[in-house]
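# Structural overview for review
Residues per chain are reported as follows:
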Amino acid sequence: MKHLFLPMEELALFELKRDRYFDKIPYEDIAAIIEDGISIGKNWAKTIGEMYPKKSFSHIAKAYGLKILEEDRELIIGDVIFYSEFYSGKKEIVIYIKSVEAWASELGKTYEECKELFIAHEFFHYLECEEIGLLSNRYKVTNFKLAGFKFQCGIKALSEIGAHSFVKHSFSMEE
Ligand SMILES: [Zn+2]
């Protein structure tokens, strides 16, 4: 998750490249879809920042009726470390304390500071579900064609690009 500190455009390309359908995206579309994801995250950071000036994301998420659960463990599946998750059905954000603590100490920051970044990230996914519409559905690629039908898939990385942009702009990590 240290990639969060890459410049926004590099971070976006990093996320896009690890999307399972990256190879299906025509090269000439890449710049525009990255820009779309970044600008949505940026605009929502501004909107929420104006609605809740100087409020923590713990406060903001709760104001939207979200529950924040802090679980005292880390979650690693395969080689992926999970720091936090958002469960739309339950309106719940889960923070994995041990994962976030390890990340925080590597960065020389406190758990509380870093927790806010992850709550903000998951809060963006909540906004996608409730207000914005899933960013992953804003751009579709043809996965395969069969008997004259095109089977299309969204690009999940776009949700992550939006969330990263939201976090970076909310915490003034980006111009
Ligand atoms: Zn995410």
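In the block above lies the structure referred to throughout.
Here the structure is a predicted model, which means the values were calculated and not measured. (Residues numbered from 1 in each chain as written. Predicted model: local features only at pLDDT ≥ 70, side-chain atom pairs only at ≥ 80, totals over all residues. Heavy atoms only, no water.)

### Observations regarding helix α5 (residues 111-132)
Spanning 22 residues, α5 covers 29 Å between terminal C-alpha atoms, matching the ideal 32 Å at 1.5 Å per step. Approximately 25 degrees is the largest bend angle found in α5, and it occurs at Tyr126. Extensive coverage of α5 is indicated by the burial of 16 of its 22 residues. At the C-terminal side of α5, Gly133 shows a positive phi close to 95 degrees. (Helix = DSSP H or I, 4+ residues; strand = E, 2+ residues; numbered from the N terminus. Expected span 1.5 Å × (residues − 1). Bend = angle between axes of the 7 residues up to and from the residue. Buried < 20%, exposed > 50% of the residue type's maximum accessible area, 1.4 Å probe, protein only.)

### Notes on the packing of helix α2 (residues 30-51) against helix α6 (residues 157-170)
For the pair α2 and α6, the least separation of the axes is 7 Å and the interaxial angle reads 40 degrees. The angle between α2 and α6 falls in the class oblique. In this structure, the crossing between α2 and α6 has a hand that is right-handed. Between α2, through Ile33, Ile34, Gly37, Ile38, Gly41, Lys42, Trp44, Ala45 and Ile48, and α6, the contact on the second element is made entirely by Leu158, Ile161, Gly162, Ser165, Phe166, His169 and Ser170. Taken together, the residues that form the contact of α2 with α6 break down as nine nonpolar, six polar and one charged. (Axes fitted to C-alpha atoms, helices over the stretch in contact; angles between N-to-C directions. Parallel < 35°, antiparallel > 145°, perpendicular 65-115°, else oblique. Left-handed = near helix turned anticlockwise from the far one by under 90°. Contact = heavy atoms within 4.5 Å. Nonpolar A, V, L, I, M, F, W, Y, C, P; charged D, E, K, R; others polar.)

### Quick notes on the sheet that holds strand β1 (residues 67-71)
Ordered in space as β1-β5-β4, the three strands form an open sheet in which the pairing is mixed. Only two strands of the sheet have a single neighbouring strand rather than two, namely β1 and β4 (84-87). Between one strand axis and the next, the sheet turns through 20 degrees on average, direction left out of account. In this fold helix α4 (residues 97-107) packs onto β1 and β5 (92-96), with an angle of close to 55 degrees to the strand it touches most, β5. (Pairing = 2+ DSSP bridges.)

### Some words on the pairing of β5
In terms of burial, β5 is largely enclosed, as five of its five residues are buried. Residues Glu92, Val94 and Tyr96 point to one face of β5 and Ile93 and Ile95 to the other, with burial holding for every one of them. Here five bridges tie β1 to β5, and the two strands are oriented parallel to one another. Looking across to β5, one finds that Leu69 is bridged to Val94. Note that β4 and β5 share four bridges and pair antiparallel. Among the inter-strand pairings, Ser84 is bridged to a residue of β5, identified as Ile95.

Remember that the coordinates give geometry; whether it matters functionally is a separate question.
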